[in-house]
Amino acid sequence: MSGSPPARVLVAGFGDAVAGFLARQLRGVTVETAPDAAAARAELARGGWALLLVDDAIPGGPARDLLRGTEPHPPTFLCLERGTRASLTRADLDALGVARIFFHPLDRQALVREAGAVLGTGGPSPDDPRDVAAAAGEAKRGALADAVRQAWERFRGAVMERVDAVESAAVAVLEGGLDEESRRHAEREAHKLAGSVGTFGFAQGSRLAREIELLLQGAAPLGQAEALKLTDLVVALRRELARPPTPAADPSASRERVAAPPQAGPATGARLPLLLIVDDDAELADRIAMEAGGRGFRTRVAPGVAEARAAVAEERPAAVLLDLSFERGESGLSLLSELASRTPRVPVLVLTARGSFTDRVDVARMGGMGFLQKPVPPAAAVDAVQGVLHRGRDRHACVLVVDDDPLVLASVGSLLEAGGVKVHTLDDPLRFWEALEEFCPDVVILDIDMPRVNGIELCRVLRNDTRWGATPVVFLTARAGPETVQQVFSAGADDFVAKPIVGPELVTRITNRLERVQLHRALADTDPLTGVANRRRSEELMGQLLNLAVRHQQPFSLALLDLDHFKQVNDQHGHGTGDEVLRRVARMLERSFRAEDVVARWGGEEFLVAMHGMDKDDGVQRLAEVLEVLRDEPFEVPGAEPLRVTFSAGVAQYPMDGGDLQALYRTADATMYQAKEAGRDRVLPAGWTAGQPSTAEHVDVLVVEDDHTLARLLLHALETRGWRSRWIADGREAAQQLTGSRPRLRARVVLLDVDLPGMDGHALLRTLARERVLERTRVIVLTVRAHEAEVVQALEEGAFDHVAKPFSVPILLQRIRRAMRA
């Protein structure tokens, strides 16, 4: 790398923010900008660029003309407005030399990943899962060893104090002065040593401590022989603890190397996963490739088996979609067998018109991981691929460890956290229920011997509750006798781990338990059609969000949305199309909301979104953006015109619209029906009222604009958010309606064009100021003239804000919201 000039990236048609972001994220790269097509054309003519990112709507564009006029150009990423994808085919993009398409709003993380792949600045590609698994295993073992060493350094002093206590007891026995209280104290300390020092890598030390504990147990007096043995054991224990700790071997290490999972998760390295589509139906393959490209895959299409073999020889794909029959008479089964027998295995999903039971058996025998019968919507095919690749992916998991020994809590916590598990520890069993409510653990680890309430009693409490009754419980205890084992399993335990704890074994057991929990939970909590949370699970999650909102005094909003005229979709296009519409809407909602929000299918064509920390105005805005994207993205229907879908939604906020979930739901539901009655295709906040005849002149936004197309666009965006709006194309007419002793129209915000017939915007603004209309109305001036003098003039005349044309509608909407709140 040293001595080689940095790669140069040209960002054209975007603001400095995008260029700055790329410059910060891509090391060793120089990022420059071109504000318009002319500047970009000049920069490209200079040459030497490694990558071009260009907005399709670049001023002076469009970008497609720029690309056609500057060939050859570097690898190019083209950013489109949503809805324009349908007008472009793969052939169009190839002809333009476009390596990757993005959509507004720009996914910056995806942009960095793909740019890193092109520029070679990212990490190594996870091409060989065996290497990845081996590296991951080594890293995991190294992390565990470090965690053990750090824990030992942290708690060495406390452990040695316990050894001192036991040694004092041994000396007292030799001197014949060990009283019963000191004996019991030494026994408890030996018991704790037996349970804890093995965790730090002193397995022999744990056995020695256990012998000391057994020697001190019972009521019979200790003689000189026992005293000498006790002394020898203490000396041996000190000698054992004086050497460096030796973490135990990971029993799962060899299995990891052999059984590396053939999965390709989200791209974390330099390259995105490759999906190989083996099909001689070029149109279908192209549609699947387009769909997969939008979900973070690279794609390659092979029209036959021979081409597929050549493609696989060049690069191992993350997954293969394989047809079984080809016009040239080839059979995909042989290729399936070859790919499935590879080490590591290549996941293959069969996509075929053949659907006999024999075919399904053959595919299963030869190692196919999915069977899709044509016709299959491209989105469903990509769904299936993602389902296979995501199988077994690690998810966020939480473990609660309850033990009265802080050394055990610290060491178990360190081990599990080093294994990638989130851990909460509790040393007071009386706070058990409080900790359950606070942390909602996926697995609970209990000690048996604890003061006031023992672990077996806690387990029974857990099993008696319907909410926590199915939560896995693992016991950690130094008592491993048959009676103890019977007691813990009778109480409802799922597993039993004897102290001393072998770190890697504990991590492996807990990880396996968590994976099973998550698998079962995913099946029980997920709507099978759309993949989002089902009603039961969403009620649990919403309850938690509402409790957080109450506790931290944060806003909490609940939205209910229903697809418009969905019955007609099913009736006219079939339930398969209807199912695909539901899946598409669910994916859009998941992408549009944060991980901490809840997106659920409530039933039929109804979805619910719970938003933590968001008021209903923000909720309306976020849902309206989803609605606009959905409205602009047509659904391809075979043999019919593209289908366009909208929804109606209502948003309620805690506590002003309801004090609990049921009340919020009722309010959101009633508001959603208001949206239906108001014409559908909109999102309304709770409390919204339709204009009454006596107050019909009160509007939220008045658009004073002579450009009919722009005015209609603005009115649509305003109505989508439930804002009452009016449009006047003439300045003088606007002045007559807004002013006078009895104005016919009152508006909270006026969007005022400067160049108007009848009376220009400046004159109208001065009139509104003179008539004191601006005391109750905020005016946002819209003009193509953005010179400083023009802006200053508008503000001096009383304008609240100034927006230059052409403008971004979302940004203008934000300005309107700010004006309304002022």
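All values reported here derive from a predicted model rather than from experimental measurement.

1. Here we look at the overall build of the protein
Looking only at helices and strands, the protein has 30 helices and 25 strands in total. Across the 822 residues in the protein, those meeting the buried criterion constitute 50%. Restricting the contact set of the protein to residue pairs at least 6 apart, pairs at least 24 apart contribute 68%. Carbon together with sulfur atoms contributes 51% to the accessible area of the protein, which is approximately 37,600 Å² in total.

2. Here we look at helix α16 (residues 406-418)
Counted at 1.5 Å a residue, the expected span for α16 with its 13 residues is 18 Å, and the 18 Å between its end C-alpha atoms agrees. α16 sits mainly inside the fold: ten of its 13 residues count as buried. For α16, the complete set of buried residues consists of L407, V408, L409, A410, S411, V412, G413, S414, L415 and L416. Between the side-chain oxygen at the start of α16 and the backbone nitrogen of L407 there is a gap of 2.9 Å, and the oxygen is on D405. Positive backbone phi, at 90°, marks G420, one or two positions downstream of α16.

3. Some thoughts on the packing of helix α26 (residues 708-720) against helix α30 (residues 809-821)
Contact pair α26 / α30: the axes reach a minimum separation of 11 Å and the direction vectors enclose 60°. Classified by the angle between their axes, α26 and α30 sit oblique to one another. Taken as a pair, α26 and α30 cross one another with a handedness that is right-handed. Side by side, α26 and α30 meet where L713, L714, A717 and L718 of the first sit next to V809, L812, L813 and I816 of the second. Tallied by class, residues from the contact of α26 with α30 come to eight nonpolar, no polar and no charged.

4. Brief notes about the sheet that holds strand β14 (residues 473-477)
Strand order in the open sheet made by the five strands is β12-β11-β13-β14-β15, with parallel pairing throughout. Two strands close off the open sheet at either side, each with one partner strand: β12 (422-426) and β15 (495-498). For this sheet, the mean angle separating the axes of adjacent strands, direction not counted, is 20°. Relative to strand β13 (residues 443-447), strand β11 (residues 398-402) runs parallel, the two being bridged by four bridges. Counterpart to L400 in the pairing with β13 is V444. Contacting β11, β12 and β13, helix α17 (residues 432-439) crosses the sheet at an angle of about 170° to β11.

5. Here's the deal with the environment of H424
Looking at where H424 falls in the secondary structure, it is placed in strand β12. For H424, a relative accessible area of 17% corresponds to the buried category. In this structure, the C-alpha to C-alpha distance between H424 and L409, residues 15 residues apart in sequence, is 9.1 Å. Aside from chain neighbours lying at most four places away, what touches H424 is C398, V399, L400, V401 and F439.

6. Focus: the packing of helix α12 (residues 305-314) against helix α13 (residues 332-340)
One can describe the packing of α12 onto α13 by two numbers: an axis separation of 10 Å at closest approach and a directional angle of 20°. Considering the angle they form, α12 stands roughly parallel to α13. Along this stretch, α12 crosses α13, giving a crossing that reads as right-handed. On α13, the residues that touch V305, A308, R309 and V312 of α12 are G332, S334, L335, E338 and L339. A class-by-class count of the residues in the contact of α12 with α13 yields five nonpolar, two polar and two charged.

7. A short note on the confidence of the model for the protein
Overall, the predicted model of the protein reaches an average pLDDT of 80, with 86% of residues at or above 70. For the protein, helix α10 (residues 253-258) is the element with the lowest average pLDDT, namely 34, and strand β16 (residues 556-563) is the one with the highest, namely 96. In the predicted structure, residues 122-137 sits below a pLDDT of 50 and forms 22 contacts with residues beyond four places in sequence or in another chain. Counting contacts from residues 249-270, a segment whose pLDDT is below 50, to residues more than four positions away or on other chains yields 46 contacts.

8. Regarding the side chain of S725
In this structure, S725 sits in strand β22 (residues 725-728). Setting aside residues up to four positions removed in sequence, S725 forms contacts with V699, V701, L715, L718 and E719.

9. Observations regarding the pattern of salt bridges
The tally for this structure, following the rule as stated, stands at 41 salt bridges. Here D428 ties to R452 by a salt bridge, and the two come within 3.5 Å at their closest N and O atoms. Of this pair, D428 sits in the loop between β12 and α17 while R452 sits in the loop between β13 and α18 (455-463), placing them 24 residues apart in sequence. Through salt bridges that share partners, R162, E189 and D405 make up one connected network.

10. With respect to the sheet that holds strand β3 (residues 51-55)
The strand order across the open sheet formed by five strands is β2-β1-β3-β4-β5, and the pairing between neighbours is parallel. On the outer flanks of this sheet lie β2 (29-34) and β5 (98-103), each paired with one strand and no other. Recorded for the sheet is a direction-independent mean angle of 20° between the axes of neighbouring strands. Direction of pairing for β3 relative to strand β4 (residues 76-80): parallel, over a ladder of four bridges. The residue bridging D55 from the neighbouring strand is C79, located in β4. In the packing of helix α2 (residues 37-46) onto the sheet, the strands contacted are β1 (7-12), β2 and β3, and the crossing angle to β1 comes to about 160°.

11. Section: the packing of aromatic side chains
Throughout the structure, instances matching the rule amount to one aromatic pair. The ring of W49 has R8 sitting right over it, with the charged end atom 3.8 Å from the ring centre.

12. Some remarks on unusual backbone geometry
With an omega of 0°, the peptide bond running from Y654 to P655 counts as cis. Residue placement: P655 occurs in the loop between β19 (647-654) and α25 (661-677). Not every positive phi belongs to a glycine, and R680 is a case in point at roughly 65°. With respect to the helices, strands and loops of the structure, R680 is situated in the loop between α25 and β20 (682-685). The phi dihedral of D681 falls on the positive side, at around 55°, and the residue is not glycine.

How each quantity is defined
- Think of each chain on its own: its residues are numbered from 1, step by step along the sequence as written.
- A pLDDT threshold of at least 70 governs which residues receive local features in this predicted model, and a stricter bar of 80 or more applies before side-chain atom pairs are shown or counted, although totals over entire chains, interfaces and linings include all residues.
- Excluded from the side-chain calculations are hydrogens and water; all other atoms, namely the structure's heavy atoms, are used.
- Each helix is a run of DSSP H or I of at least 4 residues and each strand a run of E of at least 2, with the numbering of both proceeding from the N terminus.
- Categorising residues by exposure relies on relative accessible area from a 1.4 Å probe, with only protein chains included: less than 20% of the type maximum marks a residue as buried, more than 50% marks it as exposed, and the intermediate range marks it as partly exposed.
- Note on contacts: a residue pair qualifies if any of its non-hydrogen atoms lie within 4.5 Å across the two residues.
- Exposure was quantified through the Shrake-Rupley algorithm and a 1.4 Å probe, taking into account, for residues, occlusion by the shown protein chains and nothing else.
- To estimate the expected span of a helix, count its residues, drop one, and scale the result by 1.5 Å.
- Pairing of N or O atoms within 3.5 Å defines a polar contact, subject to two protein rules: one partner must be a possible hydrogen donor and the other a possible acceptor, and residues neighboring in sequence count only if both atoms are side-chain atoms.
- Axis definition: a line fitted to C-alpha atoms, over the contacting stretch in the case of helices. Angles run 0 to 180 degrees between N-to-C directions.
- Oblique is the label for any angle not covered by the other classes, which are roughly parallel (under 35 degrees), roughly antiparallel (over 145) and roughly perpendicular (65 to 115).
- For a crossing to be left-handed, the near helix must be turned anticlockwise from the far one by less than a right angle; the clockwise case is right-handed.
- In this count, Pro and Cys sit with the nonpolar residues alongside Ala, Val, Leu, Ile, Met, Phe, Trp and Tyr, while Asp, Glu, Lys and Arg are called charged and the others, Gly among them, polar.
- Two strands are said to pair when DSSP picks up at least two bridges between them.
- Note: pLDDT gives the predictor's confidence per residue, expressed from 0 to 100.
- Note on definitions: salt bridges are taken to be side-chain nitrogens of Lys or Arg within 4 Å of carboxyl oxygens of Asp or Glu.
- To pair, rings of Phe, Tyr and Trp, with the six-membered ring standing in for Trp, must have centres within 6.5 Å; the planes then decide the type, stacked if under 30 degrees apart, edge-to-face if over 60, and tilted in the middle.
- Charge over a ring is defined by NZ of Lys or CZ of Arg lying within 6 Å of the ring centre and within 35 degrees of the ring normal.

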